[in-house]
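# Descriptive analysis of the structure
Read off the chains here:
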Amino acid sequence: MAEIAIIGAGYVGLVSGACLADFGNRVICVDNDARKIERLEAGEIPIYEPGLEDVVRRNTASGRLGFSASLPSALEKSGVVFIAVGTPPSEDGSADLSHVEAVAREIGRTITEYRVIVDKSTVPVGTGRKVRQWIAEELDRRAAGGIPFDVVSNPEFLREGAAVQDFTHPDRIVIGAETEKARGVMRDVYRALYLNETPYIETNIESAEMIKYASNAFLAIKISFINEVANLCEKVGANVQDVAKAVGRDGRIGGKFLHPGPGYGGSCFPKDTQALAYTGKLHGSPLSLVEAAIGANERQKLNMVEKIERGLGGSVRGKKLAVLGLAFKPNTDDMREAPALVIIGELVRRGAEIRACDPAALKEAAWRLRDAGPAVTLFDGEYDALSGADALVLMTEWNQYRSLDLDRVKALLAAPVFFDLRNVYKRNEVEQKGFRYFAVGQ
Ligand SMILES: NC(=O)c1ccc[n+]([C@@H]2O[C@H](COP(=O)([O-])OP(=O)(O)OC[C@H]3O[C@@H](n4cnc5c(N)ncnc54)[C@H](O)[C@@H]3O)[C@@H](O)[C@H]2O)c1
């Protein structure tokens, strides 16, 4: 079992730290947000992630999981240091590595003996080498160039909303390393899964970095593909639900990520596709499919606005729209790049009034939609949001929005108009209740 420090206690760092402790390792999660560490130490979970609280509580109680705002003290005992800080997009689409660099340099200023530095943040191919260089520069600066260290790439594939399950039951673990010693340390870290015959793929650092981007880009392409097919289905009288079901039965294609909707969002697909496209251009090897998927995704959000506009007779000016769900997907409070932000922003720009709700993301939404001003009102309950609205827009398919009491919805709405941007409901059932029903690709 290993002694581990995780730098960055966000969605990935906190989940990884808690689960690695659950595997039997001793873990200390470090964050430079002192308030976040205070909350964690007080037993509070700063993010909404199903099942996380249990794992954190169990492992803090057993003494295997702790928190600290100080990287140097956390590094004293930890032989393995994970970097799990954010890598947000820069203006030009490239990944902003400033947080990774800050941590790498601090590690270089701190370590006194052999350490394995594991990059878990999603970083462009070539970053492992930069991390090695940043650490080496700091070691040289304090005349400590003889202290040995290894850099490892261990990309994370967890999905928000199912993060604990994904981390503990991954499809694969990817380890990019340069030395047998580092590979041995990583097998020890993941011993619980390694012994469990979880697919465990060892590569060089560059391949590991590329695997993460290639995986996310492929999924993003799949979503944009089915969204474009859905749009064509609408024009030619086909039903994308039937099309996707049959296409997905082909084992070479698979049925997952063939669900049309308002476009992908979240903290990963938008920025990772941008960053991969940027890397492609940088190396004179453009990824035209990825670029096309990005463009299609941007258009899809506007397609939804136009769908709503058409359904309401050509204009949303003065219309009250009840928007159910704001997070980029169910079971998370994450609003980063949520399609709801663009769609609501554009609806407001075109004169609509929004009554929105979400089971977990209201606090985030209040901040991210602040520019919309009084045109957006947020409600705790879906039926409050629906009251007096001219239409229902189902934006995010939280379970509680999948089984709405349609009679009650109809009674609350000023007009029975239903835009189902996630294709959750059955057209004939909704129409039988007297609604005008608009879905995607049907
Ligand atoms: N969120 C996901 O679903 C997901 C999945 C796979 C991979 N990733 C990748 O993992 C990385 C982290 O993503 P996230 O969603 O957890 O981000 P996040 O913003 O939730 O968490 C990052 C944390 O790092 C902390 N931090 C920043 N600089 C620091 C420093 N110098 N020292 C200590 N702490 C510092 C921040 O305070 C924050 O708490 C990104 O590269 C992301 O692309 C994310």
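Residues numbered from 1 in each chain as written. Predicted model: local features only at pLDDT ≥ 70, side-chain atom pairs only at ≥ 80, totals over all residues.

## Concerning the site of the ligand
In plain terms, the rule: Residues are counted as near a molecule or strand when the C-beta atom, derived from backbone positions, lies within 6 Å of that molecule or strand. Helix and strand definitions here come from DSSP, where helices need a minimum of 4 consecutive H or I residues and strands a minimum of 2 consecutive E residues; each element is numbered from the N-terminal end.
Residues in close proximity to the ligand total 26 residues, the closest being Gly8, Gly10, Val12, Ser121 and Thr122. Elements that contribute at least two residues to the shell around the ligand include exactly helix H1 (11-22) and helix H5 (98-110).

## Some points on helix H12 (residues 269-282)
For clarity, the threshold we go by: Take the number of residues in a helix, subtract one, and multiply by 1.5 Å to get its expected span. To sort residues by burial, count the other C-beta atoms lying within 10 Å of each one's C-beta; a count of 20 or more means buried, 12 or fewer means exposed, and anything in between means partly exposed. C-beta atoms are built from the backbone. Here, residue contact means that the backbone-derived C-beta atoms of the two residues sit within 7 Å.
Taking 1.5 Å per residue, 14 residues should reach 20 Å; H12 reaches 20 Å between its end C-alpha atoms and fits that length. Listed in full, the buried residues belonging to H12 are Phe269, Pro270, Lys271, Asp272, Thr273, Ala275, Leu276, Ala277 and Thr279. For H12, the secondary structure elements touched by its buried residues are helix H10 (205-236) and helix H13 (288-311). Remark: glycine 284 follows H12 within two positions and exhibits a positive phi of approximately 65°.

## Observations concerning the pairing of strand S13 (residues 417-420)
Quick reminder of the rule: One requirement defines pairing of two strands: DSSP has to find at least two bridges between them. Here, the term right-handed applies to a crossover whose path from the first strand over the helix to the second runs clockwise when the strands point away from the viewer.
Burial of S13 is two-sided: the residues Val417 and Phe419 facing one way and the residues Phe418 and Asp420 facing the other way are all buried. Strand direction decides the pairing type here: strand S12 (residues 391-394) and S13, joined by three bridges, are parallel. Residue valine 393 lies in a different strand from S13, and its bridge partner there is phenylalanine 419. Sheet analysis places S13 next to strand S14 (residues 436-438), joined by three bridges and oriented parallel. Each bridged residue has a counterpart across the sheet, and for phenylalanine 419 the counterpart in S14 is phenylalanine 438. With respect to chirality, the unit in which S13 leads through helix H19 (residues 427-432) into the neighbouring parallel S14 is right-handed.

## Comments concerning the domain arrangement of the protein
Stated precisely, the cut-off is as follows: For every domain, the bounds stem from an assignment made automatically or drawn from a database. Ten residue types, Ala, Val, Leu, Ile, Met, Phe, Trp, Tyr, Cys and Pro, are classed as nonpolar, four, Asp, Glu, Lys and Arg, as charged, and the remainder, Gly among them, as polar.
For the protein, the assigned domains read domain 1 (3-203) and domain 2 (236-438). Of note, the centres of domain 1 and domain 2, computed from C-alpha atoms alone, are 34 Å apart. Each side of the interface is counted separately: domain 1 has 14 residues, and domain 2 has 16 residues. In terms of residue class, the side of domain 1 that touches domain 2 is built from eight nonpolar, four polar and two charged.

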